[in-house]
Amino acid sequence: MTPKIRTPLAALALAAAAALTGGPAAAQASKLKIGLMLPYTGTYAALGVAIENGFRLYVDEQGGKLGGRELEFVKVDDESDPAKAVDNVNKLIKRDNVDVLVGTVHSGVAMAMGKAAKDSGTMLIVPNAGAVAVTGPMCAKNIFRSSFSNWQPGYAMGEVVAKKGHKKVVTITWKYAAGDESVGGFKESFTKAGGQIVKELTLPFPNVEFQALLTEIASIKPDAVYTFFAGGGAVKFVKDYDAAGLKKTIPLYGAGFLTDGTLEAQGAAAEGLLTTLHYGDGLDTPRNNAFRLGYAKAYKLQPDVYAMQGYDAAQILAIGLKATKGDIAKKTEFAAALEKARIDSPRGAFALGKNHNPVQDIYLRQVVGKENKVIGVASKQLADPGRGCKM
Ligand code: BEZ
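Residues numbered from 1 in each chain as written. Predicted model: local features only at pLDDT ≥ 70, side-chain atom pairs only at ≥ 80, totals over all residues. Heavy atoms only, no water.

A word on empty space enclosed by the protein. For the structure on display, the rule yields 1 cavity of 30 Å³ or more. Taken as a whole, the largest cavity holds about 70 Å³ of empty space. Every residue lining the largest cavity is counted, 15 residues in all, and those nearest its centre are Y44, V105, N128, F148 and F228. Per-class residue counts for the lining of the largest cavity are 11 nonpolar, 4 polar and no charged. (1 Å grid on protein atoms, 1.4 Å probe; cavity = no way out; pocket = protein on both sides within 12 Å on 5 of 7 lines; lining within 4 Å. Points joined across faces, edges and corners; volume = space filled by probe spheres on them. Nonpolar A, V, L, I, M, F, W, Y, C, P; charged D, E, K, R; others polar.)

Throughout the structure, instances matching the rule amount to 21 aromatic pairs. Between W174 and F205, the aromatic rings sit 4.9 Å apart at their centres with planes inclined by 80 degrees, giving edge-to-face as the arrangement. Residue W174 is found in strand β7 (residues 168-174), and its partner F205 is found in the loop between β8 (196-203) and α8 (211-220); the two are separated by 31 residues along the sequence. An identical accessibility class is assigned to W174 and F205; each is buried. Ring geometry for F228 and F257: centres 5.9 Å apart, planes at 65 degrees, overall edge-to-face. Taken together, the residues span a long stretch of sequence, with F228 in strand β9 (residues 224-228) and F257 in the loop between β10 (252-255) and α10 (263-266) at a distance of 29 residues. Residue classification places F228 among the buried positions, given a relative accessible area of 5%. Exposure remark for F257: the relative accessible area of 3% places this residue in the buried category. What links up through ring pairs into an aromatic cluster is the set Y44, W174, Y176, F205, F210, F229, F237 and Y241. Over the aromatic face of F73 sits the side chain of R56, whose NZ or CZ is 4.1 Å from the ring centroid. (Phe/Tyr/Trp six-rings, centres within 6.5 Å; stacked < 30°, edge-to-face > 60°. Helix = DSSP H or I, 4+ residues; strand = E, 2+ residues; numbered from the N terminus. Buried < 20%, exposed > 50% of the residue type's maximum accessible area, 1.4 Å probe, protein only. Lys NZ or Arg CZ within 6 Å of the ring centre and 35° of its normal.)

Okay, helix α3 (residues 45-61) next. With 17 residues, α3 should reach 24 Å at 1.5 Å per residue; the first-to-last C-alpha distance of 25 Å fits that figure. Counting buried positions along α3 gives 12 out of 17 residues, so the element sits mostly inside the fold. A45, L47, G48, A50, I51, E52, N53, G54, F55, L57, Y58 and V59 are the residues of α3 that are buried. Just downstream of α3 lies G63, where phi reads positive at about 80 degrees. (Expected span 1.5 Å × (residues − 1).)

Quick look at the environment of L263 now. Topologically, L263 is positioned in helix α10. Taking relative accessible area as the criterion, L263 reaches 6% and is therefore assigned buried. Not counting the four nearest positions on each side in its chain, L263 is found in contact with A270, V367, G369, K370, E371 and N372. (Contact = heavy atoms within 4.5 Å.)

For the rest of this paragraph, the subject is the domain arrangement of the protein chain. Taken domain by domain, the protein chain consists of domain 1 (28-148 + 283-356) and domain 2 (151-277). A separation of 28 Å is found between the C-alpha centroids of domain 1 and domain 2. Each side of the interface is counted separately: domain 1 has 16 residues, and domain 2 has 19 residues. Together domain 1 and domain 2 conceal approximately 1,200 Å² of surface at their shared face, both sides included; 64% is due to carbon and sulfur atoms. Three residues stand out in domain 1 for area buried against domain 2, namely T43, Y44 and F148, and they jointly supply 39% of the buried area on that side. Linking domain 1 to domain 2 there are 0 salt bridges. On the surface where domain 1 and domain 2 come into contact, there are 5 residue pairs in polar contact (both at pLDDT 80 or more). (Domains from an automatic or database assignment. Buried area = accessible area lost by both parts, 1.4 Å probe. Salt bridge = Lys/Arg side-chain N within 4 Å of Asp/Glu carboxyl O. Polar contact = N/O pair within 3.5 Å; in protein donor to acceptor, adjacent residues only side chain to side chain.)

Turning our attention to the site of the ligand. Neighbouring residues of the ligand: 16 residues in total, closest V105, S107, G130, Y176 and A178. Computed on the free molecule, the ligand has an accessible area of 260 Å², of which 100% lies beneath the protein chains in the complex. More than half of the atoms belonging to the ligand lie within 2 Å of the grid points that define the largest cavity. Within the shell around the ligand, the residues separate by chemical class into 11 nonpolar, 5 polar and no charged. Taken domain by domain, the shell around the ligand gets at least three of its residues from each of domain 1 (28-148 + 283-356) and domain 2 (151-277). (Near = heavy atom within 4 Å. Areas by Shrake-Rupley, 256 points an atom, 1.4 Å probe, with all protein chains shown as cover. Sits in = over half its atoms within 2 Å of the grid points.)

What follows is the structure, given as structure tokens:
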């Protein structure tokens, strides 16, 4: 029943408290320390803010406590920079002694967090980054994801594009795990259905100099283009694709991050685009409507997929803490509760797979005005294969 203790002084203080108040229950009365490691600057800054907003919204709806514990937040701006990730996560674990890590957006940073969580046993809830390794070879009892694996929206879109009769596709993305794995998922289902990837174009993250690559696409003249971009990069890519005159001649398809949280800035350039994702802002269910209303009231903003994932990260923590009566050290009981839970998400209720990644419907969405309108389910209850995960 004792929380993580890392210094002799802390151990002494806790023992004294327990002696005075009659036992380890005293430890549960202390605040639970949450390390929020998210981007607050750079191309993914808005995504980090939306995740934190969503997380706090759920906590506030529960009266500020989860599993009977009040929460205390320690925040780190990870800048979506993998080179700083090991230092940043170690500061949270070793200096700040956080009980739970919540982060992050960028897959390269998330892989460092996954390794640190696995090595130290610290609870980790990933509220966005789809790095396949985190719920693959790195999977662990104390690691959970409230979002998706990069493979999931890509795989669903490969089937959609093949069904539309496109045969030759060019892919374009940033050269890092998220782009590679999103294209990998697309390629897997698209080639299985007889399609061909004629060129895989990449540029380094977070570069947005797309012009030369757009010229190359125009000269190849594929049947269609598949892409992964998100945040500020997605805004610029969609505008540049349209401005280059390609939107009218070569249909553009993407993982839904291409148009999520970006529509105000993309304007008419995004109109009509088809994407696949585990959320759509127009999902007309009582659960989603209540979430959207609560978020809009609290933040004077419309939520997006990132806000929804932050909200569900808090729900995951709440389920685990309820089962352990607030004791985060009871990892086996915490995991067991989540492995049998149905999480009442604004996206639709979902369960976690054996690798602790959501098994979920991947929607086909179309941009209509300022909305990602759900027009169908591209892949029902799609589970990430969890390749390499041994728990
Ligand atoms: C990623 O790096 O995994 C990622 C970043 C933004 C949106 C989706 C995925």
